[in-house]
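# Overview (structure and organization)
This is what each chain is made of:
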Amino acid sequence: MADHIALEGYIGGDRKVMDGLVDQVRAELISACPDFALIRDIADASKHAKLSTAKKAPRQVSKAGQIRRIGGAYMGAAYATAPYNTGTVITVTFDSGQSRPLSGIVRSVLVWEAKLCPVGPHRPTSQ
């Protein structure tokens, strides 16, 4: 998301300029919506299994195992261990030990995406 916002309309090819633009937008997004950093860490951990220490910003999630799927009563959970008639919930346990449902984190980031990019290459326009 930060890359799309930062490079919208940029036609140059200078890698340092592009990286600077992306870093600036990423910092602004994280300042406005701290969950943006969580989404980045969750995506990176899911992709790479285990993350190295970030040089620019501390990570909040560092291993893929911190992202867990918990099944509801119809989704394979043991009897009486999940609310009745619920679906799968994905939770994220941060390095600090705090846990949150992934859905709320994603929702807060999507609100910002809708505000910043109402129409763009990643969002179809209605005709």
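Residues numbered from 1 in each chain as written. Predicted model: local features only at pLDDT ≥ 70, side-chain atom pairs only at ≥ 80, totals over all residues. Heavy atoms only, no water.

## Section: the overall build of the protein chain
What the protein chain contains, in helices and strands, is 4 helices and 3 strands. Order of helices (α) and strands (β) in the protein chain, N terminus to C terminus: α-α-α-β-β-β-α. Of all 127 residues assigned to the protein chain, the portion counted as buried reaches 23%. Across the protein chain, contacts joining residues at least 24 apart in sequence account for 34% of those joining residues at least 6 apart. Entry remark: accessible area of the protein chain is about 8,700 Å², with carbon and sulfur atoms responsible for 57%. (Helix = DSSP H or I, 4+ residues; strand = E, 2+ residues; numbered from the N terminus. Buried < 20%, exposed > 50% of the residue type's maximum accessible area, 1.4 Å probe, protein only. Contact = heavy atoms within 4.5 Å. Areas by Shrake-Rupley, 256 points an atom, 1.4 Å probe, with all protein chains shown as cover.)

## Structural notes on the pattern of salt bridges
Evaluated as defined, the whole model comprises 7 salt bridges. A salt bridge links aspartate 23 to arginine 26, with the nearest nitrogen and oxygen atoms 3.5 Å apart. Remark: arginine 26 and aspartate 23 occur in helix H2 (residues 15-32); sequence separation between them is 3 residues, near one turn of the helix. Take arginine 26: its relative accessible area is 23%, and that puts it in the partly exposed class. With a shortest N-O distance of 3.3 Å, arginine 40 and aspartate 41 are connected by a salt bridge. Of the residues examined, aspartate 41 reaches a relative accessible area of 0% and is grouped as buried. (Salt bridge = Lys/Arg side-chain N within 4 Å of Asp/Glu carboxyl O.)

## Points about the sheet that holds strand S2 (residues 89-93)
As summarised here, the arrangement of the 3 strands in space is S1-S2-S3, forming an open sheet in which the pairing is antiparallel. If you trace the sheet from one side to the other, it starts and ends with strand S1 (67-70) and strand S3 (99-101), each paired once. Pairs of neighbouring strands in the sheet enclose a mean axial angle of 30°, with direction left out of account. Across 3 bridges, S2 lies against S3 in antiparallel orientation. If you follow threonine 91 over to S3, its bridge partner there is proline 101. Against the sheet, helix H3 (residues 35-48) engages S1, S2 and S3, with an angle of about 85° to S1. Helix-sheet contacts for helix H4 (residues 102-116) involve S2 and S3, and the interaxial angle to S3 is about 65°. (Pairing = 2+ DSSP bridges. Axes fitted to C-alpha atoms, helices over the stretch in contact; angles between N-to-C directions.)

## Considering H4
Each α-helix turn comprises 3.6 residues. Residues three or four places apart therefore point the same way. Taking 1.5 Å of rise per residue, the 15 residues of H4 would be expected to cover 21 Å, and the 21 Å separating its terminal C-alpha atoms lies within 8% of that figure. Looking at the packing, one finds that the buried side of H4 touches H3, S2 and S3. (Expected span 1.5 Å × (residues − 1).)

## Points about the confidence of the model for the protein chain
Reading predicted coordinates in detail is not appropriate for stretches of low pLDDT. Mean pLDDT for the protein chain: 76, with 75% of residues reaching 70 or above. Averaged pLDDT values for the elements of the protein chain fall to 80 in helix H1 (residues 2-7) and rise to 90 in S3. Within the model, the stretch residues 121-127 combines pLDDT values under 50 with 10 contacts to residues more than four positions away or in other chains. (pLDDT = per-residue confidence, 0-100.)

## With respect to the packing of H2 against H3
For the pair H2 and H3, interaxial distance at closest approach is 6 Å and the crossing angle is 120°. Only Phe36, Ala37 and Arg40 of H3 make contact with H2, whose side of the interface consists of Arg26, Leu29 and Ile30.

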